[in-house]
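The primary structure of each chain is shown beneath.
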Amino acid sequence: MALEQTVYTLPQSEIPRQWYNLAADLPTPMLPPLGPDGQPVRPEQLAPVFPMNIIEQEVSTRRWHDIPEPVLDILTRWRPTPLRRARALEQALKTPAHIYWKDESVSPAGSHKANTAVPQAWYNREFGIRRLTTETGAGQWGSSLSYACALLGLECKVYMVKVSFEQKPFRKTLMELWGGRCVASPSTETAAGRAVLEKDPNCPGSLGIAISEAVEAAVSDREGKTRYALGSVLNHVMQHQSIIGLEAKRQLQLAGVANPDVVIGCAGGGSNFAGISFPFVAEKIHGASIRIVPVEPASCPTLTRAPFVYDHGDLAKMTPLLPMHSLGHSYIPSSIHAGGLRYHGMAPLVSQAAVEGLLEPASYDQLQCYEAALLWARTEGTIPAPETSHAIAHTIQEAIRAREEGKQRNLLFCYSGHGLMDLVGYQKFLAGELAGGGLPEQDLRSTLATLAAHPPATERHTGRWRRGKG
Ligand SMILES: Cc1ncc(COP(=O)(O)O)c(C=O)c1O
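Residues numbered from 1 in each chain as written. Predicted model: local features only at pLDDT ≥ 70, side-chain atom pairs only at ≥ 80, totals over all residues.

Visitor: I'd like a description of the overall build of the protein chain, backed by residues and values.
Guide: When helices and strands are tallied, the protein chain shows 18 helices and 15 strands. Here the C-alpha atoms of the protein chain give a radius of gyration of 21 Å, agreeing with the 23 Å that 2.2 N^0.38 yields for 470 residues. For the C-alpha atoms alone, the extent of the protein chain along its principal axes is close to 70 × 50 × 50 Å. For the protein chain, the proportion of its 470 residues judged to be buried stands at 56%. Considering only contacts in the protein chain between residues 6 or more positions apart, those separated by 24 or more positions represent 77%. (Helix = DSSP H or I, 4+ residues; strand = E, 2+ residues; numbered from the N terminus. Rg over C-alpha atoms; globule rule 2.2 N^0.38 Å. Buried ≥ 20, exposed ≤ 12 C-beta atoms within 10 Å, placed from the backbone. Contact = placed C-beta atoms within 7 Å.)

Visitor: Provide a residue-level description of helix α14 (residues 366-379), including the pertinent values.
Guide: When the terminal C-alpha atoms of α14 are compared, their 20 Å separation across 14 residues agrees well with the 20 Å that a helix rising 1.5 Å per residue should span. Listing the buried residues of α14 in full gives Gln 366, Cys 369, Tyr 370, Ala 372, Ala 373 and Trp 376. Down the axis, α14 shows its buried residues gathered within 160 degrees of arc, on one side only. Note on α14: the residue one or two positions beyond its end, Gly 381, has a positive phi of about 95 degrees. (Expected span 1.5 Å × (residues − 1). Arc of directions from axis to C-beta.)

Visitor: Can you lay out the site of the ligand for me, pointing to particular residues and giving the numbers?
Guide: Around the ligand, 21 residues are found, and the nearest of them are Gln 140, Ser 232, Gly 268, Gly 340 and Gly 417. Listed by contribution, the elements that provide at least two residues to the shell around the ligand are α5 (140-152) and α11 (271-285). No other element matches α11, which puts three residues into the shell around the ligand. For the shell around the ligand, the class distribution of residues is seven nonpolar, 13 polar and one charged. Each of domain 1 (47-64 + 113-228) and domain 2 (75-110 + 235-440) gives at least three residues to the shell around the ligand. (Near = placed C-beta within 6 Å. Nonpolar A, V, L, I, M, F, W, Y, C, P; charged D, E, K, R; others polar. Domains from an automatic or database assignment.)

Visitor: Describe in detail the sheet that holds strand β11 (residues 291-297), supporting the description with residues and values.
Guide: Strands sit in the order β1-β4-β5-β15-β10-β11-β14 across an open sheet of seven strands; the sheet is mixed. Each having just a single partner strand, β1 (7-8) and β14 (362-364) make up the two edges of the open sheet. In terms of strand pairing, strand β4 (residues 83-85) meets strand β5 (residues 98-103) through three bridges, oriented antiparallel. Paired with Arg 84 across the two strands is Trp 101, which belongs to β5. In the packing of α11 onto the sheet, the strands contacted are β5, β10 (262-266), β11 and β15 (410-415), and the crossing angle to β10 comes to about 155 degrees. (Pairing = 2+ DSSP bridges. Axes fitted to C-alpha atoms, helices over the stretch in contact; angles between N-to-C directions.)

Visitor: Which residues make up unusual backbone geometry, and what values go with them?
Guide: The omega torsion of the bond from Arg 79 to Pro 80 falls at -10 degrees, within 30 degrees of zero and hence cis. Mapped onto the secondary structure, Pro 80 falls in the loop between α2 (69-75) and β4. Between Ser 185 and the following residue, Pro 186, the backbone shows a cis peptide bond with an omega angle of 10 degrees. As for its position among the elements, Pro 186 is in the loop between β8 (181-185) and α8 (191-199). Positive phi values are uncommon outside glycine, yet Lys 94 reaches one of about 50 degrees. Here Lys 94 shows up in the loop between α3 (87-93) and β5. A positive phi angle is found at Lys 317, which is not glycine, with a value near 60 degrees. Within the secondary structure layout, Lys 317 lies in the loop between β12 (308-312) and β13 (321-325).

Visitor: Tell me about the sheet that holds strand β7 (residues 155-161), and please be specific about residues and values.
Guide: Pairing is parallel across the open sheet formed by four strands, whose spatial order is β8-β7-β6-β9. Edge positions in the open sheet fall to β8 and β9 (226-228), since each of these has one partner strand only. Neighbouring strand axes in the sheet, compared pairwise and without regard to direction, differ in orientation by 20 degrees on average. Both strand β6 (residues 131-136) and β9 contribute to a ladder of three bridges, which runs parallel. Across the sheet, the residue bridging to Thr 133 is Tyr 228, located in β9.

Visitor: Account for the domain arrangement of the protein chain, naming residues and giving values.
Guide: The domains assigned to the protein chain are domain 1 (47-64 + 113-228) and domain 2 (75-110 + 235-440). Measuring from the centre of the C-alpha atoms in domain 1 to the corresponding centre in domain 2 gives 23 Å. Each side of the interface is counted separately: domain 1 has 33 residues, and domain 2 has 39 residues. At seven residues, the largest contribution of residues to the side of domain 1 that touches domain 2 is made by helix α9 (residues 207-219).

Set out below in structure tokens:
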């Protein structure tokens, strides 16, 4: 009996040599980040935080960027990653849909985050930087950056959101194995952390707070040899992750699929979603019929319920104002187990693609996601990260819809990471101890009220936002 093909691999020699930049193809040009004076930020203003070679990539609207050879040398330790077909899940759902998943869990730290950790560490080292600071939610980014720094000879300091630090103790061990240092955030080590702890000693932390701490630690190095690295949100990170979708596109061709009907990715800061989807967003801009779905937690609904405004990326307002969907930089999301999706904002590139009507955002509560992960574990057999389970929850809905409509559709989603270090959450789910639910309307209204004085990004675009600001 002939075996049915369920894994599509590319040889190392076919790893993409360039990253893709969606900014080159968006119908409307991207809005600039703004400084405290309301003016577009100049590249040199970012220099205390990022090295200039990364800033150049951040502000670039060039469509393609060459991936440096030494970066490719490291990426090929686990890339190209496999594209797999979820035949067992298809059968369980009795769906005519074909479910393809791009398996980013095979990286050393277990997720897509290493795709940008390696180039960020490399560019910093090229620029003469010796130490990186960063935030981490679930710990996937902190461990990926620790891994990259270990290979490239840099020191790494990670501020890990306290609730995840407590839920996922082995992530810290992993970071330490790679030579990184990890502290729970809010910490007493920075002014930003101390200010939060003074107000609320039991604060569970948030990515917004951890970013403030990491930026503060980077810019206060008197030697000037420390910079900050961000695991998501910014344009250069979206570019680094585009390697996921570029590989998937070629692998789908091997499976005889020119373009998928639906592309799905979970979205925290937006990077794995951007990675899997942006090469297909480009196809859509040029006329292909593809539905593209970012999936977020119902308790942190940036794309589905928050406005497109200028807001800070962090609590202490150390970052410029970014044009993005935001729940407000002081919003502290509820302590769900998908720590990597607990971010108040969304990547400007993802936000703008949503504003342009290129995306169809969806949200699920954590119980729906854990149930989807359970079905996945008992059919496909792997244990997804709680973040990834959001993409699985939506993929299952699409597969059911295809069955109900009697349509054979090709679904593609990004399996952004494994959940083997997230077992505390799974244990609580199995014991029936987890709550579901979304963000109550009243809480949404009160957090959005904090944005009242912020410039709405679309109005800024038409030059109207400064009116009435005095
Ligand atoms: C496994 C996994 N998937 C997805 C995400 C979400 O991040 P982003 O939206 O930036 O890809 C994270 C963040 O930590 C993660 O660890």
